[in-house]
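For reference, the chains in residue letters:
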Amino acid sequence: MQSVHDATDMLVEPKSKQDLLIDVLVEGFPDAFIDFFHLTHRSASELAGERDDEEVPAQPERGFVPTDDIYTESLPFVKDNLINIDEATRKGDTREVYTSCINLARYFEDVAHYDKALVFYQKAKVLTFRMEEIDLLIDVTRSLGMIHERLGDINSAMSFHEKHLELCDKLEGDEKEQQRQQANQNLVKVYQRSADLLESSGSIQKSIVLLDKCLDACNACGDETSAGHVNYRLGLAYQKLGEQEKALAFHGQYYDISVKLEDKTGEGIACCALAEAHQDLGNVDDAIKNLEAYLELAKNEDPGSQARACCRMGIIYYRQMKFDSAVTYFEKFFELARSLNNRRMLDTARVNLVIARGSAQFPKYVEVVNSNMPTLLHWKNARMPID
């Protein structure tokens, strides 16, 4: 009778790093042995001696795994591709070397070992120049831009994405348009991220330069949603510089795009921004018009934004000495602040409302003081309201 085996008897224990290293030597590939040893025993930054870019900053994107361990089940795949590189290099088969480098780069990218992926993408880029195949150069250039993004090296990512766009001019037909679309989409992301960094450091003018480039990229790839946000950011940047006319133009563009896309939230944000710019320019009627439009749009939106808009409306009317209207909006501001349970906002609302009510009542007090002594005395003794 045939004996019965447990299924686990059929399982093969994966080889260890040491066993695989010995296999590589036995098969006669010393260069592959060295690379395999370095990949599995040294940090990726130590492998990057051949790179021609600056050191990668220590702020990679979310998901980066700063470990030098390679999954055990993947070690044979890594070993085989390194052997292919060694063997193909001896034969002068550049394409085979390129293919194995890309295999390894894609693998390390998939498992979030971005530093190691970068090493092999860099090697692949050098090989594309030898092969003089533009489609391969474009592909690896795009990949290098994406890897630098993931490592948080935005300046390098920007350079590679711009190079990708430049290389697209060497293509023709649909492929050219598809590649240009992809390059511009990637540029939209890196321009915005770079502008964020510059703005946070106080370099408003430099951030505007990048946002202008970003707007061009948005238009080139037909990304209207991003174009709207970039217009808004440009408007805010010019407001910070005190150039309100330019700010108005960009906020107006954001409003128009939001209307076209039926983005009610965007319309509301644009109305608030337009109101603020008009207010800074002294265009009170236009400021009020935009705030009223915002409040109409924001009936079912964020109560915090509604509260701030009501506060602005109250301030505008107060400065115009239209105290009754100011009281109306400050009362709305107070009710919204109370519903939000925001102590600081509630204190501001309470003070504004008291001042506006006092200013609204002041003419009546003056009239009573000047012409109605009995009513004044009655108020003084009983604190009855003055009608």
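Everything in this summary refers to the structure shown in the same document. Being a predicted model, the structure only gives us computed values, none of them experimental. Sequence order sets the numbering: in each chain, residues are counted from 1 along the sequence as written. For this predicted model, a pLDDT threshold of at least 70 governs which residues receive local features, and a threshold of 80 or more governs which side-chain atom pairs are given and counted, while totals over whole chains, interfaces and linings are taken from all residues. Here the side-chain values reflect all heavy atoms present in the structure, with hydrogen atoms and water set aside.

1. A few points about the packing of helix H14 (residues 303–319) against helix H15 (residues 323–340)
At their nearest, the axes of H14 and H15 sit 8 Å apart, and the two run at 160° to each other. For the element pair H14 / H15, the angle class is roughly antiparallel. When you trace H14 past H15, the crossing you get is left-handed. Mapping the contact onto sequence places Pro-303, Gly-304, Gln-306, Ala-307, Cys-310, Cys-311, Met-313, Gly-314, Ile-315, Tyr-317 and Tyr-318 in H14 and Phe-323, Ser-325, Ala-326, Tyr-329, Phe-330, Lys-332, Phe-333, Leu-336 and Leu-340 in H15. Classification used: nonpolar for Ala, Val, Leu, Ile, Met, Phe, Trp, Tyr, Cys and Pro, charged for Asp, Glu, Lys and Arg, polar for all others including Gly. Considered class by class, the residues forming the contact of H14 with H15 number 15 nonpolar, four polar and one charged. Helix axes use the C-alpha atoms of the stretch in contact, all axes being lines fitted to C-alpha atoms, and the angles between their N-to-C directions lie in the range 0 to 180 degrees. Secondary structure elements are taken from DSSP: a helix is a run of H or I of four residues or more, a strand is a run of E of two residues or more, and numbering for both begins at the N terminus. Each angle is binned into one of four classes, with values under 35 degrees roughly parallel, values over 145 roughly antiparallel, values of 65 to 115 roughly perpendicular, and all other values oblique. Each crossing gets its handedness from the near helix: less than a right angle anticlockwise from the far helix is left-handed, clockwise is right-handed. Contacts are assigned to residue pairs that have any heavy atoms within 4.5 Å of one another.

2. With respect to the nonpolar core
Nonpolar side chains in soluble globular proteins tend to end up buried together. Counting 41 residues, the largest nonpolar core has Val-78, Leu-82, Phe-108, Phe-120 and Tyr-121 as its most contacted members. Put simply, the parts of the chain that give this core at least two residues each are helix H1 (17–26), helix H2 (30–41), helix H3 (75–91), helix H4 (94–110), helix H5 (114–131), helix H6 (134–150) and helix H7 (154–167). Residues belong to a common nonpolar core when they are buried Ala, Val, Leu, Ile, Met, Phe, Trp, Tyr or Cys residues joined through side-chain atoms within 4.5 Å. For every residue, the accessible area obtained with a 1.4 Å probe (protein chains only) is divided by the maximum for its type, and the residue is called buried under 20%, exposed over 50%, and partly exposed between those limits. Counting residues in each nonpolar core, the second largest holds 29 residues, with Leu-291, Ala-298, Ala-309 and Leu-336 among its members.

3. Looking at helix H11 (residues 244–260)
Taking 1.5 Å of rise per residue, 17 residues should cover 24 Å, and H11 covers 24 Å from first to last C-alpha, within 8% of that figure. For H11, the complete set of buried residues consists of Gln-244, Ala-247, Leu-248, Phe-250, His-251, Gly-252, Tyr-254, Ile-257 and Ser-258. Multiplying 1.5 Å by the helix residue count minus one yields the expected span of that helix.

4. Focus on the environment of Gln-279
Residue placement: Gln-279 occurs in helix H12 (residues 264–281). The class of Gln-279 is partly exposed, set by a relative accessible area of 25%. Sequence separation between Gln-279 and Arg-312 is 33 residues; the distance between their C-alpha atoms is 9.7 Å. With sequence-adjacent residues up to four places away left out, Gln-279 is seen in contact with Ala-287, Ile-316 and Arg-319.

5. Points about helix H8 (residues 173–200)
In this model, H8 (28 residues) spans 41 Å end to end at C-alpha, consistent with the 40 Å of a helix rising 1.5 Å per residue. When H8 is considered as a whole, its buried residues turn out to be Gln-179, Ala-183, Asn-184, Asn-186, Leu-187, Val-188, Val-190, Tyr-191, Gln-192, Ser-194 and Ala-195. Residue Gly-202 follows H8 closely and has a positive phi angle near 90°.

6. Let's talk about the side chain of Gln-239
Structurally, the position occupied by Gln-239 is in helix H10 (residues 224–240). For Gln-239, a relative accessible area of 12% gives the class buried. If we ignore the near neighbours within four places in the chain, the residues touching Gln-239 are Gln-244, Ala-247, His-251, Ala-273, Glu-276, Ala-277 and Asp-280.

7. Regarding the packing of aromatic side chains
Between the rings of Phe, Tyr and Trp (Trp by its six-membered ring), a pair exists once the centres lie within 6.5 Å; its type follows the angle of the planes, with under 30 degrees stacked, over 60 edge-to-face, and the other angles tilted. Taken as a whole and assessed by the stated rule, the structure comprises five aromatic pairs. Each ring, one from Tyr-238 and one from Phe-250, has its centre 5.6 Å from the other, and the planes form 5°; the classification is stacked. Separated by 12 residues along the polypeptide, Tyr-238 in helix H10 and Phe-250 in helix H11 bring together distant segments of the chain. Judged on exposure class, the residue Tyr-238 and its partner Phe-250 are both buried. Ring pairing ties together the aromatic residues Phe-77, Tyr-107, Phe-108 and Phe-120, which thus form one cluster.

8. Considering the pattern of salt bridges
Criterion for a salt bridge: a side-chain nitrogen of Lys or Arg within 4 Å of a carboxyl oxygen of Asp or Glu. Scanning all chains against the criterion turns up 20 salt bridges. The closest approach of N and O atoms between Glu-199 and Lys-240, which form a salt bridge, is 2.8 Å. One end of the pair, Glu-199, is in helix H8; the other, Lys-240, is in helix H10, and 41 residues separate them in sequence. Given a relative accessible area of 22%, Glu-199 falls into the partly exposed group. Lys-240 gets classed as exposed once you look at its relative accessible area, which sits at 54%. Connected through shared salt-bridge partners, Asp-196, Glu-199, Arg-233 and Lys-240 make up one network.

9. Regarding the environment of Leu-21
Along the chain, Leu-21 turns up in helix H1. Placed 16 residues apart in sequence, Leu-21 and Phe-37 show a C-alpha to C-alpha distance of 7.2 Å. Excluding residues within four positions of it along the chain, Leu-21 makes contact with Phe-33, Phe-36, Phe-37 and His-41.

10. A few points about the state of the cysteines
The term disulfide is used for any two cysteine sulfur atoms that are within 2.5 Å. As enumerated under the stated definition, the model contains zero disulfides in all. The structure places no disulfide on Cys-214, whose sulfur is separated from the nearest cysteine sulfur, that of Cys-218, by 4.2 Å. Left unpaired, Cys-271 is separated from the closest cysteine sulfur, that of Cys-272, by 7.3 Å. The class of Cys-271 is buried, set by a relative accessible area of 2%.

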